[in-house]
Amino acid sequence: MPKISLKGQQMPESPIRKLVPYSEIAKKKGHKVYHLNIGQPDIKTPDVALNAVKNADIKVLEYSHSAGFESYRTKLSAYYKSHGLPIDVADIIITTGGSEALLFAMGSTMDSGDEIIIPEPFYANYNGFSTASGVTVVPVISTIDEGFALPPIAAFEKLITPKTKAILICNPGNPTGYLYSKEEIMQLAEIVKKHDLFLIADEVYREFIYDKNDQHFSVMNVPGLEEHAIMIDSVSKRYSMCGARIGCIVSKNKEVMSTAMKFAQARLSPPTYAQIASEAALETPQSYFDDVISEYKDRRDTLIAELQKIEGVKVATPKGAFYCIAKLPVKNADDFAQWLLESYDNNGETVMVAPAAGFYSTPNVGLDEVRIAYVLKKDDLIRSVAILKEALKVYYQK
């Protein structure tokens, strides 16, 4: 029998999606499952985006330019500039989701066997993208006790080798919700300039900042970092358009962008209807975002307050995105998460969480942690945590 590739064998399972079969079984039993496991917002997609697709008068569904619609890139550049980011049309290539943008970034800057340093816990698919690109992830651990703040720069320095090509951050962070300060971004800027590395910043949650004294600081705003900075972006969370699969790779480095363009040409073009929706979404009024941020702040505050009431649970308050990491009084969160779906219900209801070990690449770290996405309505979050509290009591006794 022909053998599966070693790369295929090494591809990690998604900690977010691997429990889906168990949730499906729970639902077939008639149980209601509260999905705290995945960052799928329940916020309505802007009408302006949906109507643009409905009203599109297209006779032939053609390829677009490999870099995406020029009209979309032009409006996207204007959008960034209105938010203080000095990004021109030539700095943007539209991609099939932020995922493809990350693959383009890795493919353009790293060869097989090269290394990328990533603060962990990190978005689980960074492991998958790295494996697909033949790149080795070198983790630097941030901890819940420190609120998942940037590890000391000395910790990064120790990990840099001749094979190191980049540092990758998610800001605000998935799965932690941590928001890097301007000072932390400047520290990273100095280290990548010192060692001639790339700084790749996944900024897809840029707008999701909740406290008045906090603001997002982009790698694109750092003077002198133009040749080092690569920004990843997406419409998925900003406009609650996860299914559109439209993102972009952004950089002032012309060699990076011309190389990324070759990858873009190889996959031909991003999807037409999704670009139509994404371009139209740029006309979304500010009131939409004001309402969304207010709603998520309320959800965050509710979730954290409820989790803090459970004995033995530790949680770091997220400043951005819509996730948090909670440390539970269990030895194996994978087993607990599966048990919740397979063997437990509270009045016919249960919850689905994402075991956090899959957000680390260091073995045996995060085994007692879960990621919780607060993408449900406030009442559902309160009910979900109540179920979790009762489930922990039963789990202790099993």
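Predicted, not measured: the structure shown is a model, and the values here were computed from it.

> I'm lost on the sheet that holds strand S13 (residues 369-373) in this one. Help?
Strand pairing in a sheet relies on backbone hydrogen bonds. The paired strands run either parallel or antiparallel. With antiparallel pairing, four strands are arranged side by side in an open sheet as S9-S10-S13-S12. Two strands close off the open sheet at either side, each with one partner strand: strand S9 (314-315) and strand S12 (354-355). The sheet contact formed by S12 and S13 spans two bridges and is antiparallel. Within S13, the residue paired with Pro355 across the bridge is Val370. Helix H11 (residues 286-307) rests against S9, strand S10 (323-327) and S13 of the sheet, and its axis sits at about 5 degrees to S10.

> What is the right way to read the pattern of salt bridges from this model?
It is possible for side chains of opposite charge to pair when their charged atoms get near one another. Counted according to the given criterion, the structure contains 28 salt bridges. In this structure, Asp47 and Lys44 form a salt bridge, with 2.3 Å as the shortest nitrogen-oxygen distance. Here Lys44 falls in the exposed class, since its relative accessible area comes to 52%. Across the pair Lys252 and Asp88 runs a salt bridge, and its minimum N-O distance is 3.2 Å. Residue Lys252 is located in the loop between strand S8 (247-250) and helix H9 (254-266), and its partner Asp88 is located in the loop between helix H4 (70-82) and strand S2 (92-95); the two are separated by 164 residues in the primary sequence.

> For this particular structure, what's the right way to read H4?
A turn of α-helix holds 3.6 residues, and therefore any two residues three or four places apart point the same way. Helix length check: H4 (13 residues) gives 18 Å between terminal C-alpha atoms against 18 Å at 1.5 Å per residue, within 8%. Taken as a whole, H4 has its buried residues at Tyr72, Arg73, Leu76, Ser77, Tyr79 and Tyr80. Seen end-on, H4 carries its buried residues on one side only, within an arc spanning 160 degrees. Relative to its buried face, H4 has exposed residues pointing more than 90 degrees away, namely Glu70 and Ser82. Just downstream of H4 lies Gly84, where phi reads positive at about 85 degrees.

> Could you clarify how one ought to interpret the state of the cysteines in this entry?
Simply put, the disulfide is a covalent bond whose two ends are the sulfur atoms of two cysteines. For the structure shown, the criterion picks out zero disulfides. Not part of a disulfide, Cys242 finds its nearest cysteine sulfur in Cys170, a span of 14 Å. Cysteine Cys324 remains unbridged, with the sulfur of Cys170 as its closest cysteine sulfur at 15 Å. What makes Cys324 buried here is its relative accessible area of 0%.

> Honestly, the pairing of S13 in this entry has me stumped. Any pointers?
Along any regular strand, the residues point their side chains to alternate faces of the sheet. In terms of residue burial, S13 counts as a mostly covered element, since five of its five residues are buried. Residues Glu369, Arg371 and Ala373 point to one face of S13 and Val370 and Ile372 to the other, with burial holding for every one of them. By the bridge criterion, five bridges tie S10 to S13 in an arrangement that is antiparallel. Bridge assignment links Ile325 to a residue of S13, and that residue is Arg371.

> When you look at the UniProt feature "domain: Aminotransferase class I/classII large" (unreviewed entry) in the chain in this model, what are you seeing that I'm missing?
As recorded in UniProt, the feature "domain: Aminotransferase class I/classII large" (unreviewed entry) lies at residues 33-343. In residues 33-343, the share of helix is 38% and the share of strand is 15%. The end C-alpha atoms are 13 Å apart.

> Would you take a moment to explain the nonpolar core for this structure?
Considering soluble globular proteins, one finds that nonpolar side chains tend to be buried as a cluster. In this structure, Tyr80, Ile167, Leu307 and Phe336 are the most contacted members of the largest nonpolar core, which totals 108 residues. The leading source of residues in this core is H11, at eight residues. The residues touching Tyr80, leaving out its near neighbours within four places in the chain, are Leu85, Ile87, Ile92, Arg206, Met231, Asp233, Cys248 and Val250. Residues Ile118, Ile232, Ile249 and Ala264 belong to the second largest nonpolar core, which totals 29 residues.

> What is the right way to look at the packing of aromatic side chains in this model?
Aromatic ring pairs: the centre-centre distance and the angle between the two ring planes describe each pair. The full count for this structure, using the stated rule, is 20 aromatic pairs. Aromatic pair Tyr178 and Tyr180: ring centres 5.3 Å apart, planes at 80 degrees, arrangement edge-to-face. Given a relative accessible area of 14%, Tyr178 falls into the buried group. Using a relative accessible area of 7% as the deciding quantity, one classes Tyr180 as buried. Note on Tyr288 and Phe289: the rings are 5.4 Å apart at their centroids and 90 degrees apart in plane angle, and the pair reads as edge-to-face.

> Which parts of the structure should I look at to understand unusual backbone geometry?
When glycine is set aside, most residues are seen to have a negative phi, and most peptide bonds are trans. Omega for the bond connecting Asn171 with Pro172 falls within 30 degrees of zero, at -5 degrees, which places this linkage in the cis form. Following the sequence through the fold, Pro172 ends up in the loop between strand S5 (164-170) and helix H8 (182-194). Residue Pro175 is reached from Asn174 by a cis peptide bond, and omega for that bond is 25 degrees. With respect to the helices, strands and loops of the structure, Pro175 is situated in the loop between S5 and H8. Even without glycine at this site, Ser240 takes up a positive phi of about 55 degrees. Assignment of secondary structure puts Ser240 in the loop between strand S7 (229-234) and S8.

> Hey, could you run me through the packing of helix H12 (residues 333-342) against helix H13 (residues 378-397) in this one?
What describes two packed helices is the angle between their axes and the distance between those same axes. At a minimum axis distance of 11 Å, the contact between H12 and H13 shows a crossing angle of 110 degrees. Our classification of the angle between H12 and H13 gives roughly perpendicular. On H13, the residues that touch Asp335, Phe336, Trp339 and Leu340 of H12 are Leu388, Ala391, Leu392, Val394 and Tyr395. Here the contact of H12 with H13 is built from residues that sort into eight nonpolar, no polar and one charged.

Calculation criteria
Residues numbered from 1 in each chain as written. Predicted model: local features only at pLDDT ≥ 70, side-chain atom pairs only at ≥ 80, totals over all residues. Heavy atoms only, no water. Pairing = 2+ DSSP bridges. Helix = DSSP H or I, 4+ residues; strand = E, 2+ residues; numbered from the N terminus. Contact = heavy atoms within 4.5 Å. Axes fitted to C-alpha atoms, helices over the stretch in contact; angles between N-to-C directions. Salt bridge = Lys/Arg side-chain N within 4 Å of Asp/Glu carboxyl O. Buried < 20%, exposed > 50% of the residue type's maximum accessible area, 1.4 Å probe, protein only. Expected span 1.5 Å × (residues − 1). Arc of directions from axis to C-beta. Disulfide = S-S within 2.5 Å. UniProt positions renumbered as here; feature names shortened; annotations may be inferred. Core = buried A, V, L, I, M, F, W, Y, C linked by side-chain atoms within 4.5 Å. Phe/Tyr/Trp six-rings, centres within 6.5 Å; stacked < 30°, edge-to-face > 60°. Parallel < 35°, antiparallel > 145°, perpendicular 65-115°, else oblique. Nonpolar A, V, L, I, M, F, W, Y, C, P; charged D, E, K, R; others polar.

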